[in-house]
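So the chains spell out like this:
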There are 2 protein chains.
Amino acid sequence: MAKIPLPAPRRMLTLRDVSEASGVSEMTVSRVLRNRGDVSGGTRERVLEAARALGYVPNKIAGALASQRVNLVAVIIPSLSNMVFPEVMTGISDTLEDTGLQPVVGVTNYSPEREESVLYEMLSWRPSGVIIAGLEHTPAARAMLQNAGIPIVEIMDIDGTPVDAAVGISHRRAGRQMAEAIIAAGYRRIGFLGTMMPHDHRARKRLAGFEEALAEAGLALEDREFYSGGSALLKGREMTEAMLARSPDLDFLYYSNDMIGAGGLLSCLSKGIAVPGRLGLAGFNGVELLDGLPCRLATMDACRLDIGQIAAEIIAGKRAHQGLGEVVELMPKLQPGDTIRG
Amino acid sequence: MAKIPLPAPRRMLTLRDVSEASGVSEMTVSRVLRNRGDVSGGTRERVLEAARALGYVPNKIAGALASQRVNLVAVIIPSLSNMVFPEVMTGISDTLEDTGLQPVVGVTNYSPEREESVLYEMLSWRPSGVIIAGLEHTPAARAMLQNAGIPIVEIMDIDGTPVDAAVGISHRRAGRQMAEAIIAAGYRRIGFLGTMMPHDHRARKRLAGFEEALAEAGLALEDREFYSGGSALLKGREMTEAMLARSPDLDFLYYSNDMIGAGGLLSCLSKGIAVPGRLGLAGFNGVELLDGLPCRLATMDACRLDIGQIAAEIIAGKRAHQGLGEVVELMPKLQPGDTIRG
DNA sequence: CTGGTGTATGTTACCGCTAACAGCACCATG
DNA sequence: CATGGTGCTGTTAGCGGTAACATACACCAG
């Protein structure tokens, strides 16, 4: 075992430092560290030993530039505090795990401009692929995606025209489906409570589908209320109480997400309103949180884990013939819970 | 306005493409795009026009290699689904916003080995700084941090020895403080419910501080229960019911986080247990979620936003004399809510 | 006319690494 | 003995930008 001197590192270490410490060429060191090409056992040992002793960390910037390969996947989502997206991320990370690819997250806060600039920033690192939430982007963002020359997967939503591939559910259809279930259960005087964010296209589409189905049954929303910001749970409670005070005859409340739905449910429970007899409730997303509630809110699973997984598989090239324009539609399941009468 | 041809992009565009399209040298294009050095108005226009028309996206990999500057900050946290970390992220992003620096997140799932490999991966991109949760790392990870030659900020916790700077609260002290408040309120038969993760050092330290303070008052935990995985809200409910069945004489339950605490609270409410008279409850974190509950759980704010903000300021060099070893201790506030008797 | 001072642009030499190829020793084969 | 692998290592030439310096030209004071 050769003695390897341990200098105090001043400037960043390079391959040359390792090569000098181990007495071989930089190229051989590079080969050892990347496990590529033939290197004899002895040399490999010595190089690894030297690298470890020096505390060498390869410079991927240089490596990526030279090899024209970057193991990063850009993931662009509207928010991290939404519960939904961390779960999608989990699906992505797990699938990417053993591909050598690594996800890098960018957050847009539901702002198209911010999305555009985040995308620009990420593309400037030349990732191997892009996973981006939604189908609606600024023209410039669309152009960038189109010209990037890498696989693009738009996730969550499939109601629209993808740039390349898309994986998600039809929110319009999800809204319809919920409306149909509600009508079938005999509810007639229906109110809606949701977010006000103009750029939450998916919530908008759900509402559109919902109203469409109502209209086909000769019904219309009797009341609606929107919010933005703040604790969703608290907002759900407040809005529910406000709406019921204003429109006491409502027999069903449809919420744009489970958080505010849960707030509404808690409010009803504490006020002694009979759920689902007197008043039915439903949300959207199937968040895990609901399992802990005293009574299970009706909801619709958004297939978040699957979406992440499939998107990652497409990027990793693990899926059969991913012709451009591939659209994977997942089917959300209605979970009736205890808040729609049977 | 010169006509600029619009070719179908095949290979990636480079500075050379823009320089040819606009009739100036690559260097001048580079100057325009980075807004650095003197360039005449006319040239600037022409270059920007060409870049836009071509859809040129700069290659930061090459730029970073040449300039030896990378505008990335590595942020390494245990989990995204914990509520706590997205909020820290918000603090970081907001502060970094106008510094040209950009956070890149890595998630460790509370595994030290994973932390080590995530750190290695991130350092190989030569970031301008590292923000990493906790003070406990593998020896190799500590060595990497020490040798990185960039600012390192360890966040959330200050009970230990930081590599460089640290920003957080003393979880030990937080535990003590809660115990003291509980004892002062007259509770005596106390149970603990928490996570089992061996690597959640902060939860462990809170419990240690808590028990210390109990011991000083001549008390000890009467019962304890641990969980891992699953919906925290549901677990909180189940564990609470199990513990109360087993130890019906308890008069206080201390939870290691607000999520399971909320589950416990909901359980007590639905069972008609008098809170805080018969049974007191407290959690930890001050999550926004609690605002929506029918009754406010006692908790302790972990200063998450501030932690993110200050950490980012240190990395950005916005703070006065950040001598190595700087420790910023934030003071969490006890929020008694409605579940500790007054 | 000279020289100094800008302003605007171009030239050169890398940054740290890897692809591609070249070189060399060693062996089996016909 | 020429021939052609095969296994290991080194050499060369970039990857696409940027720092630092060089150059060109205009302008004005002396």
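Residues numbered from 1 in each chain as written. Chains lettered and ligands numbered in written order. Predicted model: local features only at pLDDT ≥ 70, side-chain atom pairs only at ≥ 80, totals over all residues. Heavy atoms only, no water.

Some words on the side chain of Thr28 of chain B
All names here are of chain B. To keep things clear, this is the line we draw: A run of H or I in DSSP becomes a helix once it reaches four residues, and a run of E becomes a strand once it reaches two; helices and strands are each numbered from the N terminus. Note on exposure labels: buried denotes an accessible area under 20% of the residue type's maximum, exposed denotes more than 50%, and partly exposed covers the range between, all computed with a 1.4 Å probe on protein chains only. Note on contacts: a residue pair is in contact if any heavy atoms of the two residues lie within 4.5 Å.
You can see Thr28 is positioned in helix α2 (residues 26-34). With a relative accessible area of 16%, Thr28 lands in the buried category. With sequence-adjacent residues up to four places away left out, Thr28 is seen in contact with Val39 and Thr43.

Some remarks on the protein's contact with DNA strand C
Threshold: What makes a residue near a molecule or strand is one non-hydrogen atom of that residue sitting within 4 Å of it. Polar contacts, as counted here, are pairs of nitrogen or oxygen atoms within 3.5 Å of one another; within protein the pair requires one atom able to donate a hydrogen and one able to accept it, and residues that are adjacent in sequence qualify only if both atoms are side-chain atoms.
As a structural note, the neighbourhood of DNA strand C is formed by 24 residues, with Leu15, Ser30 and Tyr56 of chain A together with Ser25 and Thr43 of chain B the closest of them. Restricting attention to atoms of DNA strand C within 4 Å of the protein, one finds that 69% of them are sugar or phosphate atoms. Here Ala62 of chain A contributes a backbone N or O atom positioned 3.2 Å from a base nitrogen of DNA strand C. Secondary-structure elements contributing two or more residues to the surface near DNA strand C are α2 (26-34) and α4 (60-67) of chain A together with α2 and α4 (60-67) of chain B.

Here's the deal with the interface of chain B and chain A
As a reminder of what qualifies: Throughout, the accessible surface (probe 1.4 Å) given up by two parts as they are put together, summed over both, is called the buried area. A pairing counts as a salt bridge when a side-chain nitrogen of Lys or Arg comes within 4 Å of a carboxyl oxygen of Asp or Glu.
Counting residues at the interface gives 44 residues for chain B and 43 residues for chain A. Taking both partners together, chain B and chain A bury about 4300 Å²; carbon and sulfur atoms supply 66% of that area. Area buried by chain B at its contact with chain A is led by Ile61, Trp125 and Arg126 of chain B, which between them contribute 16% of it. At the boundary of chain B and chain A, one finds four salt bridges. Linking chain B to chain A there are 12 residue pairs in polar contact (both at pLDDT 80 or more). Within the residue set of the side of chain B that touches chain A, elements represented by two or more residues are α4, α5 (84-96), β2 (102-107), α6 (112-123), α10 (232-246) and α11 (258-271) of chain B. Looking at the side of chain B that touches chain A, the element that brings in the most residues is α4 of chain B, giving five residues.

Description of the protein's contact with DNA strand D
Filter applied, for reference: Basically, the charged four are Asp, Glu, Lys and Arg, the nonpolar ten are Ala, Val, Leu, Ile, Met, Phe, Trp, Tyr, Cys and Pro, and anything else, Gly included, counts as polar.
By nearness alone, 26 residues border DNA strand D, and Thr43 of chain A together with Ser30, Arg34, Tyr56 and Arg69 of chain B come closest of all. Of what DNA strand D places within 4 Å of the protein, 67% of the atoms are sugar or phosphate. In this structure, a base oxygen belonging to DNA strand D sits 3.2 Å away from a main-chain N or O atom of Ala66 of chain A. A distance of 2.7 Å separates a phosphate oxygen of DNA strand D from a polar side-chain atom of Arg69 of chain B. Counting only elements with at least two residues in the surface near DNA strand D, the list comes to α2 and α4 of chain A together with α2 and α4 of chain B. For the surface near DNA strand D, a count of residues per class yields 12 nonpolar, 10 polar and four charged.

Topic: α11 of chain B
For an α-helix, the turn length of 3.6 residues means that residues three or four places apart are oriented alike. All names here are of chain B. Note the following rule: To estimate the expected span of a helix, subtract one from its residue number and multiply by 1.5 Å.
In this model α11 runs 19 Å from its N-terminal to its C-terminal C-alpha over 14 residues, within 8% of the 20 Å that 1.5 Å per residue would give. Among the 14 residues in α11, 11 count as buried, and that is most of the element. Residues Asp258, Met259, Ile260, Gly261, Ala262, Gly263, Gly264, Leu265, Leu266, Ser267 and Cys268 constitute the buried set of α11. Within two residues after α11, Gly272 carries a phi angle of roughly 75°, on the positive side.

Things to note about a positive patch on the surface
Residue and element names in this part refer to chain A. For clarity, the threshold we go by: Patch criteria: residues need more than 30% relative accessible area and no salt bridge. Like-charged residues are merged within 9 Å; nonpolar side chains of Val, Leu, Ile, Met, Phe, Trp and Tyr are merged within 5 Å. Only the protein chains shown count as cover for residues, and all accessible areas are computed by the Shrake-Rupley method using a 1.4 Å probe. His is not counted, nor are the chain ends, whereas Lys and Arg count as positive and Asp and Glu as negative. Where a charge sits is defined by one atom per residue type, namely NZ (Lys), CZ (Arg), CG (Asp) or CD (Glu).
A cluster of like positive charges, contributed by Arg31, Arg34, Arg36 and Arg69, occupies part of the molecular surface. Residue position: Arg69 is located in the loop between α4 and β1 (72-77). Here Arg69 falls in the exposed class, since its relative accessible area comes to 56%.

Description of the relation of the copies chain B and chain A
Put simply, the test is: Superposition of the copies used a least-squares fit over C-alpha atoms from residues whose pLDDT is at least 70 in both.
You can overlay chain B on chain A at an RMSD of 0.0 Å; the transform is a turn of 180° with a shift of 0.0 Å along its axis. A rotation of that kind, with that shift, is consistent with a two-fold axis. Of the C-alpha atoms belonging to chain B, the one lying closest to the rotation axis is found on Ile61 of chain B, 2.8 Å away. A shared interface surface links the copies, since 98% of the contact residues of chain B are contact residues in chain A too.

Things to note about the sheet that holds strand β7 (residues 223-227) of chain A
Residue and element names in this part refer to chain A. This is how the line gets drawn: A pair of strands is treated as paired once DSSP finds two or more bridges between them. Between the N-to-C directions of two axes lies an angle of 0 to 180 degrees, each axis being a line fitted to C-alpha atoms and, for a helix, fitted only over the stretch in contact.
If you walk across this open sheet you meet the four strands as β7-β6-β8-β9, and the pairing is parallel. Each edge of the sheet is formed by a strand with only one pairing partner; in this case those strands are β7 and β9 (280-282). Within this sheet the neighbouring strands show an average axis-to-axis angle of 15°, counted without direction. One ladder, built from four bridges, connects strand β6 (residues 190-195) with strand β8 (residues 252-255); its direction is parallel. Each bridged residue has a counterpart across the sheet, and for Gly191 the counterpart in β8 is Leu253. Together, β6, β7 and β8 form the strand contacts of helix α9 (residues 201-216), whose direction differs from that of β6 by roughly 170°.

So, the sheet that holds strand β6 (residues 190-195) of chain B
Residues and elements named next belong to chain B. Here we have four strands laid out as an open sheet, ordered β7-β6-β8-β9, and parallel in their pairing. Among the strands making up the open sheet, the edge pair consists of β7 (223-227) and β9 (280-282). Ignoring strand direction, the axes of neighbouring strands in this sheet form an average angle of 15°. In the sheet, strand β8 (residues 252-255) pairs with β9 via three bridges, with the strands oriented parallel. Note on β9: the bridge partner recorded for Tyr254 is Ala282.

Topic: the domain arrangement of chain A
Convention followed: Note that the domain bounds reflect an automated or database-derived domain assignment.
What the domain assignment reports for chain A is domain 1 (15-66), domain 2 (70-169 + 305-329) and domain 3 (171-302). Put simply, the middle of domain 1 of chain A and the middle of domain 3 of chain A, counted by C-alpha atoms, are 59 Å apart.

Description of the pattern of salt bridges
Tallied over the full model, the rule gives 44 salt bridges over all chains. Here Glu222 of chain B and Arg189 of chain B are joined by a salt bridge, their closest N and O atoms 3.0 Å apart. One end of the pair, Glu222 of chain B, is in the loop between α9 (201-216) and β7; the other, Arg189 of chain B, is in the loop between α8 (171-184) and β6, with 33 residues separating them in the sequence. Judged by its relative accessible area of 39%, Glu222 of chain B is partly exposed. Taking relative accessible area as the criterion, Arg189 of chain B reaches 34% and is therefore assigned partly exposed. Taking the shortest distance from any N to any O, the salt bridge between Glu211 of chain B and Arg224 of chain B comes out at 2.7 Å. Within this pair, whereas Glu211 of chain B is found in helix α9, its partner Arg224 of chain B is found in strand β7, the two being separated by 13 residues in sequence. When its relative accessible area of 35% is taken as the criterion, Arg224 of chain B is described as partly exposed. One network of salt bridges, in which partners are shared, links Arg172, Arg176, Glu180, Glu212 and Glu216 of chain A.

Observations regarding the UniProt feature "domain: HTH lacI-type" (unreviewed entry) in chain A
How we decide: UniProt positions are given in the numbering used here, feature names are shortened, and annotations may be inferred rather than shown by experiment.
Per the UniProt record, "domain: HTH lacI-type" (unreviewed entry) is annotated on residues 13-67 of chain A. The span residues 13-67 of chain A shows a helical share of 71% and a strand share of 0%, and its end C-alpha atoms are spaced 20 Å apart.

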